[in-house]
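These are the residues of each chain, in order.
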Amino acid sequence: MSEPHGVDPRARDDPRNRYPSDEEFYGSDRPEGWSLPEDRPRGAPVETRHRGRFFTVMMIGLVVLIVVIWFLAFP
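Basis of the calculations
- Residues numbered from 1 in each chain as written.
- Predicted model: local features only at pLDDT ≥ 70, side-chain atom pairs only at ≥ 80, totals over all residues.
- Heavy atoms only, no water.
- Helix = DSSP H or I, 4+ residues; strand = E, 2+ residues; numbered from the N terminus.
- Buried < 20%, exposed > 50% of the residue type's maximum accessible area, 1.4 Å probe, protein only.
- Areas by Shrake-Rupley, 256 points an atom, 1.4 Å probe, with all protein chains shown as cover.
- Phe/Tyr/Trp six-rings, centres within 6.5 Å; stacked < 30°, edge-to-face > 60°.
- Patch = residues over 30% accessible without salt bridge, like charges linked within 9 Å, V, L, I, M, F, W, Y side chains within 5 Å.
- Salt bridge = Lys/Arg side-chain N within 4 Å of Asp/Glu carboxyl O.

(A) Representation of the overall build of the chain. When helices and strands are counted, the chain shows two helices and zero strands. Across the 75 residues of the chain, 1% fall into the buried class. Total accessible area on the chain is roughly 8100 Å²; 60% of this is exposed by carbon and sulfur atoms.

Pasting the structure below:
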């Protein structure tokens, strides 16, 4: 079975054993003039807003507070 797609040589004349080329297969459902939109546009969005340092410090403080309360509640 050295044929592509593993077709049995005895079934070579069977019309069901027609395999399209890669170009035919992948191009069969595309419209004329197709193009894909860019999935990751370059550059940053115009309105990029960061939460800032205060939010990060408050989250770390909250985690530390929870750990301290945990150790005090369950010695």
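(B) Main features of the packing of aromatic side chains. Summed over the entire model, instances satisfying the criterion amount to one aromatic pair. Taking the centre distance of 4.8 Å and the plane angle of 50° together, the rings of W70 and F74 count as tilted. Neither W70 nor F74 differs from the other in exposure class; each is exposed.

(C) Just a nonpolar patch on the surface, in detail. Among the surface-exposed residues, F55, M59, L62, L65, I66 and I69 lie close enough to one another that they form a single nonpolar patch of about 550 Å² accessible area. Structurally, I69 can be placed in helix α2 (residues 53-73).

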